[in-house]
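For reference, the chains in residue letters:
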Amino acid sequence: MNDFLYRIDEKIIKSKANLIGHTDEFKQCSKLIDIIHDSGKEYLTFFNEIDIRSINIFYGETGTGKTTLAYSIAKYALTKYGIESYSLNIENIIKTELGATVNNFESAFQEIKKLSEEDKGIILFLDEFDRLLVNRGNDNELSELKRALIALMDFFQSISVKQQITILATTNYFGSLDSAMKRRFSFHYEIKSNKESREEYYEKLKKLIPNGLNYKLSDKIIDSSNISNMKKLVREDIVKLIKG
Ligand SMILES: Nc1ncnc2c1ncn2[C@@H]1O[C@H](COP(=O)(O)OP(=O)(O)OP(=O)(O)O)[C@@H](O)[C@H]1O
Ligand SMILES: [Mg+2]
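(A) Representation of the domain arrangement of the protein within the structure. Considered domain by domain, the protein is made up of domain 1 (5-190) and domain 2 (195-243). Between domain 1 and domain 2, the residue contacts involve six residues of the former and seven residues of the latter. Of all residues in domain 1, Ile 20, Gly 21 and Gly 63 bury the most surface against domain 2, accounting for 78% of the area lost on that side. Scanning the region where domain 1 abuts domain 2 turns up one residue pair in polar contact (both at pLDDT 80 or more).

Okay, here's the thing in structure tokens:
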């Protein structure tokens, strides 16, 4: 494997995959994983014909569980089909020399195809997808970034369900993505927090509080905008409690 990709460790996938709620999205995504890894050739030929790819994006506000959902799908693919997940090593890909970034992206894409062929499938994680092509402040940035964006769109276009490559992208800025880019995603999922999941998380957290800690969990935290903010409130309380 070249330096432009890294494998996400199984332990990391499992530890980050404690999803609460988002059951519909999880079911829909796992259905696609099943189609890709466990269905007959006729499915794949048909999907290929109508340009459906396993290219998914989860979008929505921060802290709603997009990354957690992506890890849960990675865990599903790993435990059911032994599919490994990889991520791009952006530090190594984005370079200041003209042309290097685009070439590096292309090497990464070649490597993804190769790995998928060898392992009968692969997941590529593009977490915080919008940050992938941010301005790194070099002189040639505009044309270079544009070319990198085109290379990425070409890569998306070039894969097919038959190659068993799944892309799981997340973003907080779906609205500001280029419409040509948006079209490259076959499946769009808006991820929103809901009260039922927050209640479920409240119950889970309540059970985790050690008896000796002398802390009563307030049910007001359920009114937070998402699970991430519930955690933040409790964290602040516990820090105060420890500091005395
Ligand atoms: N639905 C959820 N299930 C389980 N944990 C959640 C959920 N939503 C949020 N969390 C918790 O809140 C924190 C943030 O969640 P996560 O990273 O998945 O959110 P995100 O939508 O990817 O946020 P961002 O847009 O900032 O990347 C994590 O600690 C995670 O455990
Ligand atoms: Mg995230």
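(B) Examining the site of ligand 1 more closely. Near ligand 1 there are 17 residues, and of these Ile 20, Thr 62, Lys 66, Thr 68 and Asn 172 occur at the shortest range. Within the side chain of Thr 62, one N or O atom sits 2.4 Å away from an oxygen atom of ligand 1. Contact distances for ligand 1 include 3.0 Å between an oxygen atom and a backbone N or O atom of Gly 65. The protein chains hide 80% of the 610 Å² of surface that ligand 1 would expose on its own. Elements supplying a minimum of two residues to the shell around ligand 1: α4 (66-81) and α10 (227-243). The class makeup of the residues in the shell around ligand 1 is three nonpolar, 10 polar and four charged. When residues of the shell around ligand 1 are assigned to domains, at least three fall in each of domain 1 (5-190) and domain 2 (195-243).

(C) Structural detail: the side chain of Thr 101. Locating Thr 101 in the fold gives a position in helix α6 (residues 100-119). On the basis of relative accessibility, which here comes to 2%, the residue Thr 101 falls in the buried class. Of note is the side chain of Thr 101, whose polar atom sits 3.0 Å from the backbone nitrogen of Lys 95. In this view, Thr 101 contacts Ile 93, Ile 94, Lys 95, Glu 144 and Ala 148; residues no more than four positions away in its chain are not counted.

(D) How the structure looks around the packing of aromatic side chains. Counted according to the given criterion, the structure contains 12 aromatic pairs. Residues Phe 26 and Tyr 76 carry aromatic rings whose centres are separated by 5.9 Å and whose planes lie at 85 degrees to one another, so their mutual orientation is edge-to-face. On the criterion of sequence distance, the pair formed by Phe 26 in helix α2 (residues 23-38) and Tyr 76 in helix α4 is long-range, its members being 50 residues apart. Assessed through its relative accessible area of 23%, Phe 26 is described here as partly exposed. A relative accessible area of 18% means that Tyr 76 is categorised as buried. Ring centres of Phe 156 and Phe 185 lie 5.4 Å apart, and the angle between their planes is 80 degrees; this geometry places the pair in the edge-to-face category. With Phe 156 in helix α7 (residues 141-158) and Phe 185 in the loop between α8 (179-184) and β6 (187-190), the pair connects residues that are 29 residues apart, well separated along the chain. Residue Phe 156 is classed as buried on the basis of its relative accessible area of 1%.

(E) Spatial organisation of the sheet that holds strand β5 (residues 165-171). The six strands are arranged β1-β3-β4-β5-β2-β6 in an open sheet whose pairing can be described as mixed. With partners counted over all chains shown, the strands left at the sheet margins are β1 (5-7) and β6, one partner each. Taking each pair of neighbouring strands and ignoring which way they run, the sheet shows an average axis angle of 25 degrees. The sheet contact formed by strand β2 (residues 55-59) and β5 spans five bridges and is parallel. Pairing of Tyr 59 across the sheet is with Thr 171, part of β5.

Cut-offs applied
- Numbering of residues starts from 1 in each chain and follows the order in which that chain's sequence is written.
- Key to labels: chains lettered from A, ligands numbered from 1, both in the order written.
- Local features in this predicted model are restricted to residues whose pLDDT is 70 or higher, and side-chain atom pairs enter the listing and the counts only when it is 80 or higher, whereas totals over whole chains, interfaces and linings include all residues.
- Based on all heavy atoms of the structure, the side-chain values leave hydrogens and waters out of the count.
- An automatic or database domain assignment provides the domain bounds reported here.
- The contact rule is simple, with two residues in contact once any of their heavy atoms fall within 4.5 Å.
- Summed over both partners, the accessible surface that disappears when two parts come together, traced with a 1.4 Å probe, is what is meant by buried area.
- Polar contact is the term for a pair of N or O atoms within 3.5 Å; when the atoms are in protein, one must be able to donate a hydrogen and the other to accept it, and sequence-neighboring residues count only if both atoms are side-chain atoms.
- If a single non-hydrogen atom of a residue is within 4 Å of a molecule or strand, that residue counts as near it.
- Computed with a 1.4 Å probe, the accessible areas rest on the Shrake-Rupley method; for each residue, only the protein chains presented here act as cover.
- The numbering of helices and of strands both runs from the N terminus, where a helix is a DSSP run of H or I of at least 4 residues and a strand a run of E of at least 2.
- Under the scheme applied here, ten amino acids are nonpolar (Ala, Val, Leu, Ile, Met, Phe, Trp, Tyr, Cys and Pro), four are charged (Asp, Glu, Lys and Arg), and all others, including Gly, are polar.
- When a residue's accessible area, from a 1.4 Å probe over protein chains only, is under 20% of the maximum for its type it is buried; when over 50% it is exposed; and in between it is partly exposed.
- Stacked, tilted and edge-to-face are the three classes applied to pairs of Phe, Tyr and Trp rings, where Trp contributes its six-membered ring and a pair requires centres within 6.5 Å; stacked means planes under 30 degrees apart, edge-to-face means over 60, and tilted covers the rest.
- DSSP bridges decide pairing: two strands pair if at least two such bridges lie between them.
- Helix axes use the C-alpha atoms of the stretch in contact, all axes being lines fitted to C-alpha atoms, and the angles between their N-to-C directions lie in the range 0 to 180 degrees.

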